[in-house]
Amino acid sequence: GNNLTKDITLLGFQYQDFFNDSLYRTFETYGAGMGGTDGYAKVLAGFGVNKELIKDSVALDAKLTLGMAGGGDIDTGGGFIVQPMIGLDINIVDGWNVKPMIGKTYAPSGNFSSTTSELGLSWTGGKGKTEYNIKNKTYYPDDSSRTKSGGLYADRIELLGISFSKKVNDKVRVSGSAYGAYKGDVGAYAEGLFGIEVQPFELPIHASYEFGVGGGGGMDVGEGLIHQSTIGTRISLSQKFDITIDIGRMKGVDGGSFAANILQVGVSF
């Protein structure tokens, strides 16, 4: 019943797939990073139109997405939300664009509605194949980590997620990932991460850095901004499937007591 008096800042990623020169479908996921609403997240899907206004420079972009949202004590009712947006798609260098957009977010079965603005940096990765990776991530919390209520964490926290990635070149790959906890008594905890992976040598060894948002489940990750660094390897099972194994370290960016070692095991295809 309290008023929402602060702006709510979210960080997330969008994956857009074009049917032709102008019509596309979009999948989007976000998590709150500021505004005292950590744990709030939304997942959206929909369609958009991108029409060129100035050749090879500026396009008009409009989209309508539907999805689910909840957490962070925001009243979205049953969780269903509708989000129409309009804006510009501005080319800055070859393959890289800036997308400022504005619109509304409505929760038809709750009392939440808002003016919504987006500022996105997009990359078009040419004709390269998108790789999908289903991952299990295990956190081993530090002994000094505490929940928001001051309690201890379980020895292991298990999360399941999916990531999308694409090659920039033979040595660099970029990714977006989303995870949700299923074991460790933090069941409402979720994450959304951007990443860059580098494989500098002719060996099946890579290093990754990921930055994003996490919250919910009583996890003390400060305002919700988190980051992690990992090193790992890739084992080929066939021409289409690989196993990835990574170890590393995760903690909050802007405070919070939670910090943990990481073990990730995934199947990519």
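Just so we're clear, the structure is a prediction, and the values are computed from it rather than from any experiment.

What counts and how
- Chains are numbered independently. Their residues run from 1 in the order of the written sequence.
- Confidence filtering applies because this is a predicted model: local features only for residues at pLDDT of at least 70, side-chain atom pairs given and counted only at 80 or more, and all residues used for totals across whole chains, interfaces and linings.
- Based on all heavy atoms of the structure, the side-chain values leave hydrogens and waters out of the count.
- For each residue, the accessible area found with a 1.4 Å probe, counting protein chains only, is set against the maximum for its type, and the residue is called buried under 20%, exposed over 50%, and partly exposed in between.
- A run of H or I in DSSP becomes a helix once it reaches four residues, and a run of E becomes a strand once it reaches two; helices and strands are each numbered from the N terminus.
- Two strands pair under a simple rule: DSSP has to find at least two bridges between them.
- Between the N-to-C directions of two axes lies an angle of 0 to 180 degrees, each axis being a line fitted to C-alpha atoms and, for a helix, fitted only over the stretch in contact.
- We call two residues in contact when some of their heavy atoms are within 4.5 Å.
- The predictor rates its confidence in each residue with pLDDT, a number between 0 and 100.
- What counts as a salt bridge is simple: a side-chain nitrogen of Lys or Arg found within 4 Å of a carboxyl oxygen of Asp or Glu.

K.L.:
Let's hear about the pairing of strand S9 (residues 157-167): which residues, and what values?
P.N.:
Most of S9 is tucked away, with 8 of its 11 residues classed as buried. Across 9 bridges, the pairing between strand S8 (residues 131-141) and S9 is antiparallel. What sits directly across from Asn136, in S9, is Leu160. In this structure, S9 lies alongside strand S10 (residues 172-183), joined through 10 bridges in antiparallel fashion. Directly across from Ser165, in S10, lies its bridge partner Ser175. In textbook terms, the turn of a hairpin is the stretch between consecutive antiparallel strands, and for S9 and S10 this stretch comprises 4 residues.

K.L.:
Help me get a handle on the sheet that holds strand S12 (residues 205-215), residues and values and all.
P.N.:
Here we have 8 strands rolled up into a closed barrel, ordered S8-S9-S10-S11-S12-S13-S14-S15, and antiparallel in their pairing. Along the sheet, successive strands turn relative to each other by an average axial angle of 25 degrees, direction set aside. Summarising the sheet, S10 and strand S11 (residues 190-198) pair through 9 bridges and their orientation is antiparallel. Bridging across to S11, Ser177 finds its partner in Leu193.

K.L.:
For the environment of Gly256, give the residues involved together with the corresponding values.
P.N.:
Examined against the element boundaries, Gly256 turns out to sit in the loop between strand S14 (242-252) and strand S15 (259-268). For the pair Gly256 and Pro108, spaced 148 residues apart in sequence, the C-alpha separation works out to 34 Å. Apart from residues lying up to four places away in sequence, Gly256 is in contact with Asp220, Val221 and Gly222.

K.L.:
How would you explain the confidence of the model for the protein if you had to name every residue and give the values?
P.N.:
Keep in mind that low pLDDT regions are not for reading the predicted coordinates in detail. Averaged over every residue, the pLDDT of the protein is 89; the share at 70 or more is 96%. Taken element by element, the predicted model of the protein shows its lowest mean pLDDT in strand S2 (residues 23-34) (82) and its highest in S15 (97).

K.L.:
An account of the pattern of salt bridges is requested, with residue identities and associated values reported.
P.N.:
In a structure, side chains of opposite charge can pair up when their charged atoms sit close to one another. Summed over the entire model, instances satisfying the criterion amount to 10 salt bridges. Among the salt bridges present, the one from Lys63 reaches Glu118, with a minimum N-O distance of 3.3 Å. Of this pair, Lys63 sits in strand S4 (residues 58-70) while Glu118 sits in strand S7 (residues 113-123), and the two are 55 residues apart along the sequence. Just as Lys63 is buried, Glu118 falls in that class too. Taken together, the shared-partner salt bridges connect Glu28, Lys63 and Glu118 into one network.

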